[in-house]
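# Inside the fold
Now for the letters of each chain:
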Amino acid sequence: MHTPWEKRFAQRTQRMSSSAIRELLKLTEKPDIISFGGGMPAPEVFPVAEFQDACQVVLRDFGPKALQYGATDGYRPLREQIARHTSRYGIDVSADNILITSGSQQALDLLGKVFINRGDHILVESPTYLGALQAWNAYGAEYVTVPMDKSGMNTDVLEEALRAGPKFIYVLPNFQNPTGVTLSINRRQRLIELADQYGVPIVEDDPYGQLRFEGEHLPPVVMLDDVFRGNSHGTYHGNVIYLSTFSKILAPGLRLAWVVAPPEVIHKMVQAKQGADLHTASFTQMVAHEVSRGGFLDQHIKLIRSTYRERRDAMLASMDRFFPPEVDWTHPEGGLFLWGTLPKHINAADVLKVAIEQKVAFVPGEPFHPNGGGHNTMRLNFSYCTPETIQEGIRRLGDAIYQIIGSPVRVS
Ligand SMILES: Cc1ncc(COP(=O)(O)O)c(C=O)c1O
């Protein structure tokens, strides 16, 4: 007899549907399509040779340890390295504040497991990171949204949203995925004050903070929170759970990231992680530790910044040249994405259909809005393609938009 699997799946799987857009994006995996769809780093900057050397060192000097089970909270020297690195930002943290996770995506899932009861409201920016919604939908989360503008989450309307009693606030302050927008310093301060006033914790997701290629570095929310509370000495006990990752500064294939949080939160997340995967791969942690030693990371991040800056500039210049004047877009100072806004009557999903025929792809913005909206928006990734490919892709996309808007296709 054929097993009726659908009837056996847990209720939580009902919100794990794959969207129509995801189906469309599958078409974009073909090699002749120029894709601005994914969030992939430039493969050209992966430090392959350094990894090769580090693998050899780890296996030669620590082979049995690297191949053995390890501690759930992570490889101690890596946690200490991250604590030192975090302290450079002015946050006094110890290894007890650090949990290593299998990507920040796992940290988001663990936060769901630890904090979210069915029906709990999470306060998010709209639009926000799709992967967080995917992780938390499974735990039955509902969302209170706060709109974004060019200075990030609009803190003028945050107070009203906080009155809904959210479990926590999820914020992406630097070069947000999907918009590329950065939360201003004044708004960071206001966010901390309001969160404190309403007694609501903040989850700060910061995969891109180090990838700033223009303008001044802004302190992370976790650091401002620490200052707000009069500086913890040695171990952080504040109101922020901070996430970052090696995915965008080394390589996403490592599946290696970290959480900075008060020890009691780390402790609970460790218990949740034990049930998920026991621990993040020992070998990977030791190799990442070896690669990052001795200042390599600082030097490597400089290379990534200059590569992405060039690609962002190529995208912005091509959009100026090939997009209809009715289209608006953000000017990110770092990160991997920018955000386009089409005229209100245009649906980005319709543009995507034409774009795929023209062999170019992007992600329509609607799914990033948990409570709806954004049908006329689009996320474009500029880190993955070379500047030449970006120019050609944007030319094709400009043609696709012109086709939908109804103006004549330009002859270039
Ligand atoms: C905002 C945000 N959070 C988390 C992640 C997941 O990162 P990781 O590769 O560490 O799982 C991403 C990946 O693109 C992201 O953009």
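All of the points below concern the structure found in this document. All of these numbers come straight from a predicted model, not from anything done at the bench. (Residues numbered from 1 in each chain as written. Predicted model: local features only at pLDDT ≥ 70, side-chain atom pairs only at ≥ 80, totals over all residues. Heavy atoms only, no water.)

What follows is about the site of the ligand. What surrounds the ligand is a group of 13 residues, the closest being Ser 104, Asp 205, Tyr 208, Thr 245 and Ser 247. A distance of 2.9 Å is found between an oxygen atom of the ligand and a backbone nitrogen or oxygen belonging to Gln 105. In isolation the ligand offers 390 Å² of accessible surface; the protein chains occlude 92% of this area. Examining the composition of the shell around the ligand, we find that three residues originate from one element, helix α5 (residues 103-115), more than from any other. (Near = heavy atom within 4 Å. Polar contact = N/O pair within 3.5 Å; in protein donor to acceptor, adjacent residues only side chain to side chain. Areas by Shrake-Rupley, 256 points an atom, 1.4 Å probe, with all protein chains shown as cover. Helix = DSSP H or I, 4+ residues; strand = E, 2+ residues; numbered from the N terminus.)

Further remarks concern the packing of aromatic side chains. For the structure shown, the criterion picks out eight aromatic pairs. Note on Phe 115 and Phe 168: the rings are 6.0 Å apart at their centroids and 70° apart in plane angle, and the pair reads as edge-to-face. On the criterion of sequence distance, the pair formed by Phe 115 in helix α5 and Phe 168 in the loop between α7 (158-162) and β6 (169-171) is long-range, its members being 53 residues apart. For Phe 168, a relative accessible area of 2% corresponds to the buried category. Ring centres of Tyr 208 and Phe 337 lie 6.1 Å apart, and the angle between their planes is 85°; this geometry places the pair in the edge-to-face category. Of this pair, Tyr 208 sits in the loop between β7 (202-205) and α9 (221-228) while Phe 337 is found in strand β11 (residues 337-341), placing the two residues 129 residues apart along the sequence. (Phe/Tyr/Trp six-rings, centres within 6.5 Å; stacked < 30°, edge-to-face > 60°. Buried < 20%, exposed > 50% of the residue type's maximum accessible area, 1.4 Å probe, protein only.)

So, on to the pattern of salt bridges. According to the stated counting rule, one finds 24 salt bridges in the structure shown. Put simply, Arg 311 and Glu 44 hold a salt bridge, and the shortest N to O gap is 3.3 Å. Of the two residues, Arg 311 is situated in helix α12 (residues 296-322) and Glu 44 in the loop between β1 (34-35) and α3 (48-66); the sequence distance between them amounts to 267 residues. Ionic pairing is found between Glu 159 and Arg 190, a salt bridge with its closest N-O pair at 3.9 Å. Residue Glu 159 is found in helix α7, and its partner Arg 190 is found in helix α8 (residues 185-198); the two are separated by 31 residues along the sequence. Through salt bridges with shared partners, a single ionic network connects Glu 159, Arg 163, Arg 190 and Glu 193. (Salt bridge = Lys/Arg side-chain N within 4 Å of Asp/Glu carboxyl O.)

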